[in-house]
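# Observations on the three-dimensional arrangement
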Amino acid sequence: MRIGLLTGGGDCPGLNAVIRAVVRHSIKGYSSEVVGFLEGWRGPVDNLSMPLTLRTTDSIINRGGTILRTSRTNPFKMDRGAERIFENMERHNLGAIIAVGGEETCSVANKLHKEHNLPVVAVPKTIDNDLNATDFSFGFDTAVNVVAEAIDRLHTTAESHNRVLVCEVMGRHAGWIACYGGIAGGADFILVPEKPIVVTEVVEAIKKSHARGRDYSIVVVAEGARFDSDKPAADSDEENGNRSPGFNGIGERLAKIINEETGYETRATTLGHIQRGGSPTAFDRVLATRFGVHAVDLVHQSKFGRMVALHGGEITDVPVEDAVDKLKTLDLGLYKVAEVFFG
Ligand code: F6P
């Protein structure tokens, strides 16, 4: 059976590792060919494709981004989107599609499967780790390592200048990157979208540690963290195309408030897309590879409408609908661990 493969949504490290695994396992394990669709769901709708061979997918396991490129295209917002996907599948003689993506890409896969019976298998990716029904998605570990390394660097400059440094990280709706990155980097306070920001708590923690003679602090804030008085995270921000990191400007806002309330010199750094670029960690390469191999097995067992997943270290699969509509927010038990180190 020939398979179509696409990567949708924001890119993340590990996508090329999945592509390599899908192609290798299809060709060597099942003697079947893979066609790469370009730019997410736009590829199968507009028939943008490239052949994927052992040669073209060789030596890409360590490369960030996606050789198939990506977009946030939603076929249901395009003229005859779903129908054109089927026409192009027929043109390429494809029996199935493997869609690698986050919540939006998986939602489209789910809808196409449910409403149009598309033979599709989904593979979860997101640096935010907020996709339901899998313990981890690849890309997250790489982002966390970038954050931890950045905080290490912020420590030395903060210490030299007796400053408070606020580090804004990605995570519009979930604080996984902030919490993991903050714990790993030894942050003095971590703020996440799941808990409204209470300025007095942040200020007290900073003052407490300064009173102990530590004249600098690192505060990690997820881009989606908000003050109680802020409007709730508006999806309209995203519909208007405003998805960029720093979309709420929370890092800068917080730094100003900390400076006013404590009198300590405070600066903000927004890590932004640095967290999404570059080479995947070994963990993400292995996870992406395991996901890709399992996705191909599912296709050849005709287990469509499924998403591969990681549960307690094992690779398994779940109905793709389990992964959509509701995000996996931060485990507040983990946040309690982080709190041990505040102040
Ligand atoms: O969903 C992944 C993510 O990296 C978010 O953490 C971030 O808010 C968003 O994408 C940025 O989107 P864009 O690359 O479209 O600016």
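Below or above, wherever it landed, is the structure these notes cover. Since this is a predicted model, take the numbers as computed values, not measurements. (Residues numbered from 1 in each chain as written. Predicted model: local features only at pLDDT ≥ 70, side-chain atom pairs only at ≥ 80, totals over all residues. Heavy atoms only, no water.)

### Digging into empty space enclosed by the protein
Throughout the structure, instances matching the rule amount to one cavity of 30 Å³ or more. The space that makes up the largest cavity amounts to roughly 40 Å³. Along the walls of the largest cavity sit Arg20, Arg24, Leu54, Thr57 and Asp58, which together make up its complete lining. Among the residues forming the lining of the largest cavity, the class breakdown is one nonpolar, one polar and three charged. (1 Å grid on protein atoms, 1.4 Å probe; cavity = no way out; pocket = protein on both sides within 12 Å on 5 of 7 lines; lining within 4 Å. Points joined across faces, edges and corners; volume = space filled by probe spheres on them. Nonpolar A, V, L, I, M, F, W, Y, C, P; charged D, E, K, R; others polar.)

### With respect to the layout of surface pockets
Estimates place the volume of the second largest pocket at around 220 Å³. Considering the residues around the second largest pocket, the lining is formed by 15 residues, among which Phe189, Glu201, Val202, Glu339 and Phe342 are closest to the centre. Only strand S7 (189–191), helix H7 (199–211) and helix H11 (332–339) provide two or more residues apiece to the lining of the second largest pocket. Sorting elements by how many residues they give to the lining of the second largest pocket places H7 first, with five residues. Across the lining of the second largest pocket, the residue classes tally to nine nonpolar, one polar and five charged. (Helix = DSSP H or I, 4+ residues; strand = E, 2+ residues; numbered from the N terminus.)

### Here's the deal with the packing of helix H6 (residues 176–185) against H11
The contact between H6 and H11 brings their axes to 10 Å, and the two run at 35 degrees. Where H6 crosses over H11, the handedness of that crossing is left-handed. Each of Trp176, Cys179, Tyr180 and Ile183 in H6 lies in contact with H11, whose residues at this interface are Leu334, Tyr335 and Ala338. Split by residue class, the contact of H6 with H11 holds seven nonpolar, no polar and no charged. (Axes fitted to C-alpha atoms, helices over the stretch in contact; angles between N-to-C directions. Left-handed = near helix turned anticlockwise from the far one by under 90°. Contact = heavy atoms within 4.5 Å.)

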